[in-house]
Amino acid sequence: MSTPPGEFYTEDRWQNWLDRIQQEEIDPEDEDSARLLLNLQDDTAIAIVKVVTSHSDGDIDTEAAQEELAKIREIVLADVEFEDEEKAMLVDGVQTSLLCVFYAAEQYILDGVAEDASVEEYIVAAGDAEAEDDLDAALGYCVQAGTRIIGGNDLDLAVAEELEYGLVTEWVNGLDSLHNAMSDPEVVEEDDE
């Protein structure tokens, strides 16, 4: 199901993904299940990139871009209620990963590309901040890395291999979806049938 013209992402689109997750047997160790969750995440990242691109191309102004991002964020980050707690946790992980993508897009629209460090240096700084329990700074560094990705810089996931598992690795996962969306902003269809 494609998004209607003039809309970047709809509640129906998100709900279709959630319905599909609810209907499927989800095992994060299974390749098909992992792909479904990744497609859900990538689909949202693509919508976010389309807003940023529309702003960069002059099709929408800053205020309209912020409003569109807020609409998508409200849809995607709303609480999801599944009877299956594991599925709820997996969707929550996708939402956590996307949080950084939303903030990076908002920051990029307002201030452009962060110039003080490379993508990798920002991610290392985020890992260091998380190790010191400074999650606000960690998120800020990941957001700055995201603005650089939107600005055309690559993301080398090797830097994430050095990180302790935590919020920063979740946010870097979202940045990977952002990087993929910037590289190939095609719609991910929620139905493989």
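Bear in mind the structure is a predicted one, so any value in this text is a computation, not a measurement.

Rules of the game
- Residues numbered from 1 in each chain as written.
- Predicted model: local features only at pLDDT ≥ 70, side-chain atom pairs only at ≥ 80, totals over all residues.
- Heavy atoms only, no water.
- Helix = DSSP H or I, 4+ residues; strand = E, 2+ residues; numbered from the N terminus.
- Buried < 20%, exposed > 50% of the residue type's maximum accessible area, 1.4 Å probe, protein only.
- Contact = heavy atoms within 4.5 Å.
- Expected span 1.5 Å × (residues − 1).
- Salt bridge = Lys/Arg side-chain N within 4 Å of Asp/Glu carboxyl O.
- Disulfide = S-S within 2.5 Å.
- pLDDT = per-residue confidence, 0-100.
- Axes fitted to C-alpha atoms, helices over the stretch in contact; angles between N-to-C directions.
- Parallel < 35°, antiparallel > 145°, perpendicular 65-115°, else oblique.
- Left-handed = near helix turned anticlockwise from the far one by under 90°.
- Nonpolar A, V, L, I, M, F, W, Y, C, P; charged D, E, K, R; others polar.

## Describing the side chain of R148
Checked against the element boundaries, R148 lands in helix α6 (residues 135–150). On the accessibility criterion, R148 (14% relative accessible area) is buried. R148 has contacts with V113, A114, E115, A117, S118, V119, Y122 and N153, leaving out every residue within four places of it along the chain.

## With respect to unusual backbone geometry
A positive phi is found at D133, a non-glycine position, where the angle reads about 60 degrees. Within the secondary structure layout, D133 lies in the loop between α5 (119–131) and α6. Looking at D133, the relative accessible area reads 68%, which means it is exposed.

## Quick look at α6
With 16 residues, α6 should reach 22 Å at 1.5 Å per residue; the first-to-last C-alpha distance of 22 Å fits that figure. Three or more residues of α6 are buried, namely A138, L139, C142, V143, A145, G146, T147, R148, I149 and I150. The secondary structure elements touched by the buried residues of α6 are α2 (31–56), α4 (85–111), α5 and α7 (167–183). At the exit of α6 stands G152, carrying a positive phi of roughly 110 degrees.

## Looking at the pattern of salt bridges
Summed over the entire model, instances satisfying the criterion amount to 7 salt bridges. In this structure, R20 and E24 form a salt bridge, with 3.7 Å as the shortest nitrogen-oxygen distance. On the basis of relative accessible area, E24 is assigned to the partly exposed category, the value being 34%. Of the charged contacts in the structure, one is a salt bridge between D32 and R35, with a shortest N-O distance of 2.9 Å. Of the two residues, D32 and R35 both sit in helix α2, 3 residues apart, roughly one turn of that helix. D32 gets classed as exposed once you look at its relative accessible area, which sits at 51%. You can call R35 partly exposed: its relative accessible area is 39%.

## Thoughts on the state of the cysteines
All chains considered together, the criterion is met by 0 disulfides. Distance from the sulfur of C100, which forms no disulfide, to the nearest cysteine sulfur (C142) is 4.9 Å. Here C100 falls in the buried class, since its relative accessible area comes to 0%.

## Concerning the confidence of the model for the protein chain
Counting all residues, the mean pLDDT for the protein chain is 91, and 92% of those residues have values of 70 or more. The secondary structure element of the protein chain with the lowest average pLDDT is α2, at 93, and the one with the highest is α6, at 98. The model gives residues 1–5 a pLDDT under 50, and that stretch makes 11 contacts with residues more than four places away or in other chains.

## With respect to the packing of α5 against α7
Packed helices, taken two at a time, are described by the angle between their axes plus the distance between the axes. Two elements in contact, α5 and α7, have axes whose closest approach is 9 Å; the angle formed by their N-to-C orientations is 155 degrees. Relative to α7, α5 is oriented roughly antiparallel. As α5 runs across α7, the sense of the crossing is right-handed. Contacts from I123, A126, G127 and E130 of α5 reach α7 at L167, V168, V172 and L175. Looking at the contact of α5 with α7 residue by residue, the classes come out as 6 nonpolar, 1 polar and 1 charged.

## Let's talk about the packing of helix α1 (residues 11–23) against α2
Running from N to C, α1 and α2 point in directions that differ by 175 degrees, and their axes come no closer than 11 Å. Regarding the angle of α1 to α2, the classification is roughly antiparallel. For the pair formed by α1 and α2, the contact residues are R13, W14, W17, R20 and I21 on the first element and L36, L37, N39, L40, D43 and T44 on the second. Among the residues forming the contact of α1 with α2, the class breakdown is 6 nonpolar, 2 polar and 3 charged.

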